[in-house]
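Summary of structural features
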Amino acid sequence: MIQHTKALLVHLLTATGAVFAMLAMLAAVEGKWSLMFLWLVVAFAVDGIDGPLARRYDVKKNASEFDGVLLDLIIDYLTYVFVPAYALFKSGLLPGWTGWIAIIAITFGSAMYFADTRMKTKDCSFSGFPGCWNMVVLVLFALSPNFWAILAIVVALTAAMFLRLKFIHPVRTERWRAVSLPMTLAWIFFAGWAAWVDFHPDSWAHWGLIVTSLYLVFAGIAQQIIPERR
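First, a word on what this report is: a plain description of the structure on this page. What you see is a predicted model; the values in this text were computed from it and never measured.

Right, let's talk about the nonpolar core for a bit. Of all hydrophobic cores here, the largest spans 56 residues; its most connected members are Met-36, Phe-37, Leu-88, Phe-129, Trp-133, Trp-187 and Leu-209. In terms of residue count, helix α6 (residues 133-143) provides more of this core than any other element does, 9 residues in total. With residues near it in sequence (within four places) discarded, Trp-133 still touches Tyr-80, Val-81, Pro-84, Ile-106, Ser-110, Val-154, Leu-157, Thr-158 and Met-161. Within the second largest apolar cluster, 6 residues are counted, among which are Val-10, Tyr-57, Val-59 and Ala-63.

With that settled, consider the packing of helix α5 (residues 97-114) against helix α7 (residues 147-160). Each pair of packed helices can be summarised by the angle the axes make with each other and by the distance between the axes. Viewed as axis vectors pointing N to C, α5 and α7 meet at an angle of 20°, and their least axial separation amounts to 10 Å. When the interaxial angle is binned, α5 and α7 end up roughly parallel. The crossing of α5 and α7 is left-handed. On the side of α5, the interface is formed by Trp-97, Thr-98, Ile-101, Ala-102, Ala-105 and Ile-106, while α7 contributes Phe-147, Trp-148, Leu-151, Val-154 and Thr-158. Tallied by class, residues from the contact of α5 with α7 come to 9 nonpolar, 2 polar and no charged.

Attention now moves to helix α4 (residues 68-90). For α4, built from 23 residues, the straight-helix expectation of 33 Å at 1.5 Å per residue is met to within 8% by its first-to-last C-alpha distance of 32 Å. Of all the bends in α4, the largest measures some 30° and sits at Leu-78. Ile-75, Asp-76, Thr-79, Tyr-80, Val-81, Val-83, Pro-84, Ala-85, Ala-87 and Leu-88 are the residues of α4 that are buried. Elements that come into contact with the buried residues of α4 comprise α1 (2-29), α2 (33-56), α5, α6 and α7. The N-cap residue of α4 is Asp-67: its side-chain oxygen and the backbone nitrogen of Val-69 are 3.1 Å apart.

At Asp-58, a position not held by glycine, the phi torsion is positive, near 45°. Along the chain, Asp-58 falls in the loop between α2 and α3 (59-62). Under the relative-accessibility criterion, Asp-58 is labelled partly exposed at 34%. For Asp-198, which is not a glycine, the phi torsion comes out positive at approximately 60°.

The rules we used
- Residues numbered from 1 in each chain as written.
- Predicted model: local features only at pLDDT ≥ 70, side-chain atom pairs only at ≥ 80, totals over all residues.
- Heavy atoms only, no water.
- Core = buried A, V, L, I, M, F, W, Y, C linked by side-chain atoms within 4.5 Å.
- Buried < 20%, exposed > 50% of the residue type's maximum accessible area, 1.4 Å probe, protein only.
- Helix = DSSP H or I, 4+ residues; strand = E, 2+ residues; numbered from the N terminus.
- Contact = heavy atoms within 4.5 Å.
- Axes fitted to C-alpha atoms, helices over the stretch in contact; angles between N-to-C directions.
- Parallel < 35°, antiparallel > 145°, perpendicular 65-115°, else oblique.
- Left-handed = near helix turned anticlockwise from the far one by under 90°.
- Nonpolar A, V, L, I, M, F, W, Y, C, P; charged D, E, K, R; others polar.
- Expected span 1.5 Å × (residues − 1).
- Bend = angle between axes of the 7 residues up to and from the residue.
- Polar contact = N/O pair within 3.5 Å; in protein donor to acceptor, adjacent residues only side chain to side chain.

Encoded structure:
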C-alpha cells in the first residue's frame, strides 16, 4: 500500500506539468514571454525529477493503473513543443511566411518523432533531436539572431529528428553523465536567470546558455565519433 501511494504521487507530480503548461500558455497569450519561459523552466525541472523517481518507486508495477510513459509524452508535447512553437510564431522573431514554416515543421515533425518507437538508443540516449523546442526557443529569445538564422536552425533541427544522430539524455545516458548532469542543471539555472531579467542583452546568462546548449546538442554526436573505452 505504501509503495502504491509513493508511485501514485510520482504520477501526480508528472501531471503537474500540464498545469505549468497551461500557466505558460496563459502568459504567452498575454505576450508575457519571460513569465512563460519561467513556467516552462519549472516544468522542465519537474520532468527531470519525475523520471528517476518513477524508476525508484517502479511506477509500472506499483501504480500500473496509470500509464506514466503516455502521461509524460502528453505533457512533453505541451511544454516542449506546443507552447514554445506558439511563442516563436507570435513573438515576431519570424515574420510572415517564415513563422508559418517554423510552427508547421515543429508541431508536425515533433508529433511524428514522439510517436517513433525508435527514438531511444540502447544506452538510453535519443536517436535524433528529441524535440526540446522549449530549450531552443528560449535560447533564440535570449540571443535574438537574424530571422534567417532562426529559420535555418528550426529546419535543421526538425530534419535532425529523423537522422540517426545521437543526443544524450542528461540523466539516463551513463557515458559522460558526470559532465552532462551538471551541464543540464547549469542550463536550467541560466535559462531561469535569462527569463528573470527579461532576456536583457547584457546578461551573463546568455553566455552560460550558449556554452551549455552547445554541449547538450553535440555531446551525443561526439560520443558517436569518439569510441568508448572498455
